[in-house]
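Structural overview
What follows is each chain in one-letter form.
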Amino acid sequence: MTTAAPDDTRTSTPPAPWSLPAADVLRAVGGSPDGLTGAQAADRLARDGRNELPEPPRPSVLRRLLSQYADVLIYILVAAAVLKALIGDWVDLTVIVVVIVATGLIGFVQEGRAVSALAGLRKMQSLDAQVRRDGGWGVVDAATLVVGDVVRVRSGDRVPADVRLLTSSGLQVDESALTGESVPATKDDAVADADAGVGDRSSMLFSGTIVTAGNAEGVVVGTGAGTEIGRISTLVADQDSTDTPLARQLERLGTQLAVLIGVLAVVMLLVGYLVHGLEVEELISAAIGFAVAAVPEGLPALVTITLALGVQQMARQRAITRRMEAVETLGSTTTICSDKTGTLTQNEMTARTVVTAAGTYTVEGTGYDPAGRVVTADGATADLAAHPDLAAFVLAAGLGNDAHVERAEDGWRVVGQPTEGALDVLAAKAGLDRGTATRVGAVPFESTHKFAATLDDVPAGGPGGAARVVHVVGAPDRLLDRAEAERAADGSLVPLDRDAWEERVDALSERGLRVLAAAVRPADGLDAITLDDLAGGLTFLGVVGIVDPPRPEATAAIAEAHAAGIRVKMITGDHRGTATAIARELGIAPAEGRVAALTGADLQRMDDDALAAVVRDVDVYARTSPEHKLRIVRALQAHGEVVAMTGDGVNDAPSITRADVGVAMGIKGTEATKEAADVVLADDNFATIERAVEEGRRIYDNIRKAVVFLLPTNGAQSLVILVAVLAGWALPLSPVQILWINLVTALTLSLTLAGEPAEPGIMRRPPRAPGEQVLSGRATAVVLVASVVIGAATLLVYLLERERTGDYAVAQTAAVMMLALGQLAFLLNCRLLNGSALTRRVLTGNRGLWLSAGLLIALQLVFTYAPFMNAWFDSAPIGPASWGLTAGVAVLVFLVMEAAKAVVRRVGERPPGERPDVHG
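About the criteria used
- Residues numbered from 1 in each chain as written.
- Predicted model: local features only at pLDDT ≥ 70, side-chain atom pairs only at ≥ 80, totals over all residues.
- Heavy atoms only, no water.
- Axes fitted to C-alpha atoms, helices over the stretch in contact; angles between N-to-C directions.
- Helix = DSSP H or I, 4+ residues; strand = E, 2+ residues; numbered from the N terminus.
- Parallel < 35°, antiparallel > 145°, perpendicular 65-115°, else oblique.
- Left-handed = near helix turned anticlockwise from the far one by under 90°.
- Contact = heavy atoms within 4.5 Å.
- Expected span 1.5 Å × (residues − 1).
- Buried < 20%, exposed > 50% of the residue type's maximum accessible area, 1.4 Å probe, protein only.
- Salt bridge = Lys/Arg side-chain N within 4 Å of Asp/Glu carboxyl O.

Attention now goes to the packing of helix α25 (residues 686-727) against helix α29 (residues 808-831). Two numbers describe how α25 lies on α29: the axes approach to 10 Å, and their chain directions differ by 155°. When the interaxial angle is binned, α25 and α29 end up roughly antiparallel. Crossing angle aside, the handedness with which α25 passes α29 is right-handed. The segment α25 lies against α29, with Lys-705, Val-708, Phe-709, Pro-712, Thr-713, Ala-716 and Gln-717 engaging Leu-819, Gln-823, Phe-826, Leu-827, Cys-830 and Arg-831.

For the rest of this paragraph, the subject is helix α22 (residues 626-638). Taking 1.5 Å per residue as the helical rise, α22 with its 13 residues ought to reach 18 Å, and the 18 Å between its terminal C-alpha atoms agrees with that figure. With respect to burial, α22 is a largely interior element, 10 of its 13 residues being buried. Every buried residue belonging to α22 is among Pro-626, His-628, Lys-629, Leu-630, Arg-631, Ile-632, Val-633, Ala-635, Leu-636 and Gln-637, and all of these are buried. In the segment just after α22, Gly-640 is the residue with positive phi, at about 85°.

So, on to unusual backbone geometry. Not every positive phi belongs to a glycine, and Asp-134 is a case in point at roughly 55°. Turning to its location among the elements, Asp-134 is positioned in the loop between β1 (128-133) and β2 (136-141). Given the relative accessible area of 58%, Asp-134 is considered exposed. At Arg-623, a position not held by glycine, the phi torsion is positive, near 50°. Tracing the sequence through the fold places Arg-623 in the loop between β24 (620-622) and α22. Using a relative accessible area of 17% as the deciding quantity, one classes Arg-623 as buried.

This next bit is on the pattern of salt bridges. Counted under the stated rule, the structure contains 35 salt bridges. Close ionic contact of Asp-619 with Lys-569 constitutes a salt bridge, the shortest N to O distance being 2.9 Å. Note that Asp-619 is positioned in the loop between α21 (608-614) and β24 and Lys-569 in strand β22 (residues 567-571), a separation of 50 residues in sequence. The same class applies to Asp-619 and to Lys-569, which are both buried. The partner of Asp-602 in a salt bridge is Arg-576, and the shortest N-O contact between them spans 3.3 Å. One end of the pair, Asp-602, is in helix α20 (residues 600-604); the other, Arg-576, is in helix α19 (residues 576-586), with 26 residues separating them in the sequence. Each member of the salt-bridge network shares a partner with another, and the members are Arg-201, Glu-228, Arg-231 and Glu-627.

Next comes the structure, spelled out in structure tokens:
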């Protein structure tokens, strides 16, 4: 018994196997039409590895967890915890530690999108494959395929690897996940251009795509990471997630607060020591109290809760958020890059226009739903009995295809080819009664002749004019080549006017429609039909324009986006003409004039600088590959744009990962795309993106309002202590009382703003400038003024009450009450931060406001009158005069802040983020 020798054949996949004859490719990969031997396959498997996508190295769990704490606000929380420990405030220390741990765990759970995306890509690969080895066919695990294996596929199979075709018959493949094209690609073994894009490599099958018709044999030229899907997985793994605008702004805010707190603490220490000669121990105690008051320990938790509430609200609007920060990022979006097929369009082929020699008919309705009419130029329903030209065309289209539509739980769906489904729906809308028509024979569609034909028995008197007829449906040029006559308006036959038909076909093509033609010929005496029977003698009936129609709601959503200053760009794998026509219909491109559109070939010829120079002015990109989409996103981000990328195919996964916020379709989207995305649309509706953008803007407004509200809380407390130290007074607030007021406002008032409804006109504002901070110039001015006003009001009440009562505890309790009521008044100011709060609306629209106010008052009553609270917090009961004073000063705080807001609005900076006209 002899042992098989190792496979020493030097194999290498040629750079462009689709551009070489099949025999040359076989030689290059060391294969043969009879396939490899088992020994050769085993050697190559050991050498090249399994036909699987490799998993990238993952960081350790500890490293992933620790990375969640690399944030300035977390550092501030840690500093606050240390200070709380130094003053022995164990309750507040525990709360802060819980917040720190919870914040990190939330981020830890949300991490790993790229890893999940790769797992989704791996799910797309075939589970088994038919392969020829040792001269015979067998089924093997697709993961064991190697370069040089000969495989075969048939309708319904998932392609197991990248394959160069050797032979094929009627082969059509659904490549929409890779190319974005809604129509299955026709495949054959003819060579293609070396520089052809993925969608134009007609002699190639790509791993993970699905065969929809026909069968083929081919040689494996790529496995695992060497496949087109493997290349895309590498692109996904190579993309670094970008920081969200909010994360960058909060990091800067945290740094600024840390510096400010440190500087003021040093100033306070120096003044207390040098001016007032205070003891070191007193100064350290005052500094700790100041820092405890100044550190906004509730800010990270407040931001997280606000985002979490936004996630819940978006889920109710059919947008599932996988990463909380994406809620806010959507609100700051300046450009939406959208795939066409399945996102802006329905991914359901629809007949739009029928043209016969007698006239043009418009088909109403969209998608596979057969509801709708076929109407004449004057809008009247086209009755088939009164329009024999239309009746003949519809009969040929209805009988000449094998597809049909049926109602499913989620709508109508096609069983068969999408294009043929459009013809079946056309027949239903036209009211065609197929009656007892029966098929006798057929010539299937082949890429070589580009048409299909059926031999049908039609009842006598039918529009076919004969008992047995041949119906042909296919490419207009192929049917014109075989036609000798056309049907006139009166039903008579006249010589074919080919020039006129070519003009009609060109006119439909310029509208982005896919054009099919129908023809007929008598078939008396024929019992079967072959391709030779169709060499001539056809009567040309007309043409139909078919399109994957835009979603009706997408047009309105794009108009809303433009009104909000957001540009929408279409990036698709489809052809330029189709993309341009759909862009015009959707309103992405101007309805008149030239549309600036670039193809993948154009992008290949442009370097990054050239692309960056034009990327903002071009709204339509056609025949693009995953690399092209990545380059477009990067070029936009280089201009400071905040980019949202939407899509549903595998080809969208890398750019979705790279974008500031990635949006995937939940129904028709691939698993890889959904796992890579930040937001998944449960209804595949582009209009949901517009609603999500509005929600994102509301959330950002509420975070800004919360920050503006929260900082004066700390600012006023810090100011009270700072002034007292500088003036040499006894502290108006003790550290434990500061803890109390921080606790009750955090439990009540702070969270109220998280549920604020959107302010009027929120989607008529331009996007905020990418460099704008969460505290803009006007917001900072409001924070500073509020800190001074609330702090001054607290000092005023403290001094007046101490003078009036001579009781230090009563004065301190009144000061705490003033802080509570002053912040409640300022909360009303913050509800309408961009406008006047002197309106009834400030008291309505948020039930949480009254719950929070009631709870605050209840807790303050306990603080003031409960004996155990008096003992713990050194508080004391106060009388009606103190209540009247604090309430009156709180109303004064509200009015002063409204005046301050009006002044700031009048003299403040211009609204940020003004955008150019959406059509440039």
